[in-house]
Every structure is written in C-alpha cells, then in structure tokens.
Amino acid sequence: MHVMIFGCGYSGTAIAKAFAGPGVRITGTTRSADKTGPLGQEGIEAFVFDGETFDPELSEVMKSATHLVQSIAPGKSGDPLLRLAHLNIRALMPKLEWICYLSTVGVYGDHKGAWVSEETPLHPVSDRSVERVEAEDGWHRVGIRLGIPVAVLRLAGIYGPGRNSFCNLEKGTARRLIKANQVFNRIRVEDIGACAKFLSERKLGGIYNVTDNEPAPPQDVIVEAARLMDIEPPPEQPFETAELTPMARSFYGENKRVSNAKLRALGFPFRYPEYRMSLAQLWSSGRWRG
C-alpha cells in the first residue's frame, strides 16, 4: 500500500499516522520546504507542491500511489489537484484504488439549529463552502470515470493535541461568546485519521459526516476546559457586540446539528464521541500542548 496525501497539515498528518504500519509507504506534500523535515520525523516522505505544477520527483512518486488523500483547500480557481490532473489522474496514478477528499460541514449552510445528515440538501453560504461543494462534485466525477470509490469526509470543527481550548486559555485568546441557541459540532483529529483508514479498508466511497455525537454551545467547551485546568473561564461576551473578524463572524452565521449516524451504522468506533471525555483525556495525558 502506498498512501499519497496532498496537503500534510494537521488532519493530513493524523491520517498518515493512522495508516502507518508494516508494508505501508506514506508520502505527502507541503507548500514549504521547511516542513519536509518535521514531516519526515513523522515517517512521511515529504515533497513540495505549490499547487501549480508537479515537479519530476513528485510525478515519479505518484506513479506507485494506491490511496490518494486530498486535503488541500480549494480556492477561487478551484481544487488545485483537479485543476492540474483531473483528466490525467489514471496516467499519473495508474495503481490508484481509493480516493479520500476532505471537505467540511460548512457545505450544509445554516439550518437554524436543526439536524442535518448526508442526505440534507446543500445550501453553502460562504465562498469557501461553495468552492468545497464544487470540489466534492469534481472528485465524485473522477471516481465515476475511473471506477474507483471516492470517500468525501465532511469534517466538523477540528481539534486535538496542540489545537484546543486549553491552548487558547493558556495563550489568553479563548473567548466565551454567547449567542442564543448557537451550537457547533467538533471532531478530534485522531478520529479523522481512524475514519479514513476504516473506510479505505472497506473500499468505501460516498459522503460521510465526520463529527462527534454532541453538538454543543462553544462557550460550554471553554468552561469545561477551564474547569479541568482549575482556572477561571474568560468572562461572557455577547456575540452581537463582540469584535470579530469577518471569518469568525461568518462561522456563527451558520447553526446546525450534524449527525454522524451513517458512520456509526457502519460500525465506525469513534474514540472521542463527545467533548467532555475528549478534553479529560487530553488534559490527563498531558498531550494537550501537542
């Protein structure tokens, strides 16, 4: 098995760790040459990919890839990998058996707190979510044309070691914004990696919500982390009067409860199904800083 991960960032690296084992070759791309060393320490053969061209070394290594994970976000000109390779993927990766595309629950848009599933019609609000829908469609078409499964993982808010409420509290950047009836789903990064491996082992394609079991108000997560740290949580701030970046404000413009029932029905065992036990594990293990 040769797993090729385009965009070996936080989630991509977690997927690499989940697949790692005897007889598994893992290669990945990064935009920065400075990151190839740290990725190498994680057991990932790293190559620089700028989103514009495949250099000869990268093209050579793609030839033996059996599993493709595409984690690079699309931009105004679309998905960089589809733009460069969508008609040539079979030629570039002749051994390809399975594709995984990392998307976002943002594609559902705002549902005013109602539950959504993989069957829910999409109403993306932000430009970045519209671009994700276009990329999802593009990868589905690739799978149909090549006759191989494409798993689209719609990810909730990602957290884990080095990226969590404890870190934000320590840095003094945590905020307890209060917006009536607002909830978010979230997902531990290790569960993203485990889910990709679970689906690949079963050669499954389709759309999957990769999220915890418990949509919750974001301020509750901050309060629970502060309780575990034995510190005072930051003061409550009304959302309406808080100073926020346009992107942060746009996140609060979408309110939905995302169901993971489809994955659970397949038998996928979420290790971190809700934030309280997940935060407790991060804190007690000492791994919260990464």
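Some words on the overall build of the protein
Item 1. For the protein, the helix and strand inventory stands at twelve helices and 13 strands.
Item 2. For the protein, the C-alpha radius of gyration of 19 Å lies close to 19 Å, the compact-globule estimate for 290 residues.
Item 3. Taken along its principal axes, the extent of the C-alpha atoms in the protein is 55 × 40 × 35 Å.
Item 4. Looking at the 290 residues of the protein, the share that counts as buried comes to 50%.

Here's the deal with the pattern of salt bridges
Item 1. Counted according to the given criterion, the structure contains 17 salt bridges.
Item 2. Notably, a salt bridge pairs Glu201 with Lys197, separated by 2.7 Å at the nearest N-O pair. Pair noted here: Glu201 and Lys197 are both in helix 8 (residues 189-201), with a separation of four residues, about one helical turn.
Item 3. A relative accessible area of 49% means that Glu201 is categorised as partly exposed.
Item 4. A relative accessible area of 27% means that Lys197 is categorised as partly exposed.

Some words on unusual backbone geometry
Item 1. The residue Lys112 is not glycine, and still its phi comes out positive at about 55 degrees.
Item 2. Its location among the elements puts Lys112 in the loop between strand 5 (98-104) and strand 6 (115-116).
Item 3. Although it is not a glycine, Lys203 sits at a positive phi angle of roughly 50 degrees.
Item 4. Relative to the helices and strands, Lys203 is located in the loop between helix 8 and strand 11 (206-210).

Some details on the nonpolar core
Item 1. Among the nonpolar cores identified, the biggest contains 30 residues, and Ile5, Ile15, Leu153, Leu199, Val210 and Leu263 are the most heavily contacted of them.
Item 2. Elements with a contribution of two residues or more to this core: strand 1 (2-6), helix 1 (10-19), strand 5, strand 7 (150-155), helix 8 and strand 11.
Item 3. It is helix 8 that provides the largest number of residues to this core, a total of six residues.
Item 4. In this structure Ile15 touches Ile5, Val69, Leu102, Ile192, Gly193 and Ala196, once residues within four positions along its chain are discounted.
Item 5. Ranked by size, the runner-up nonpolar core spans 27 residues in total, among them Val61, Met62, Ile89 and Leu146.

Some thoughts on the packing of helix 9 (residues 218-229) against helix 12 (residues 275-285)
Item 1. In the contact formed by helix 9 and helix 12, the axes pass within 10 Å of each other and the chain directions differ by 35 degrees. The handedness of the crossing between helix 9 and helix 12 is right-handed. The segment helix 9 lies against helix 12, with Asp220, Val221, Glu224, Ala225, Leu228 and Met229 engaging Tyr275, Arg276, Leu279, Ala280 and Trp283.

Notes on the side chain of Thr27
Item 1. Along the chain, Thr27 falls in strand 2 (residues 25-30).
Item 2. Those residues in contact with Thr27 that sit more than four places away from it in its chain are His2, Val3, Met4, Ile5, Ile44, Glu45, Phe47 and Val61.

Examining empty space enclosed by the protein
Item 1. Under the counting rule described, the total for this entry stands at one cavity of 30 Å³ or more.
Item 2. Size it by volume and the largest cavity reaches roughly 30 Å³.
Item 3. Taken together, Phe54, Met62, Leu81, Ala85, Ile89, Leu92 and Met93 make up the full set of residues lining the largest cavity.
Item 4. For the lining of the largest cavity, the secondary-structure elements that each account for two or more residues are helix 4 (80-85) and helix 5 (89-92).
Item 5. A class-by-class count of the residues in the lining of the largest cavity yields seven nonpolar, no polar and no charged.

Rules used throughout
- Residues numbered from 1 in each chain as written.
- Predicted model: local features only at pLDDT ≥ 70, side-chain atom pairs only at ≥ 80, totals over all residues.
- Heavy atoms only, no water.
- Helix = DSSP H or I, 4+ residues; strand = E, 2+ residues; numbered from the N terminus.
- Rg over C-alpha atoms; globule rule 2.2 N^0.38 Å.
- Buried < 20%, exposed > 50% of the residue type's maximum accessible area, 1.4 Å probe, protein only.
- Salt bridge = Lys/Arg side-chain N within 4 Å of Asp/Glu carboxyl O.
- Core = buried A, V, L, I, M, F, W, Y, C linked by side-chain atoms within 4.5 Å.
- Contact = heavy atoms within 4.5 Å.
- Axes fitted to C-alpha atoms, helices over the stretch in contact; angles between N-to-C directions.
- Left-handed = near helix turned anticlockwise from the far one by under 90°.
- 1 Å grid on protein atoms, 1.4 Å probe; cavity = no way out; pocket = protein on both sides within 12 Å on 5 of 7 lines; lining within 4 Å.
- Points joined across faces, edges and corners; volume = space filled by probe spheres on them.
- Nonpolar A, V, L, I, M, F, W, Y, C, P; charged D, E, K, R; others polar.

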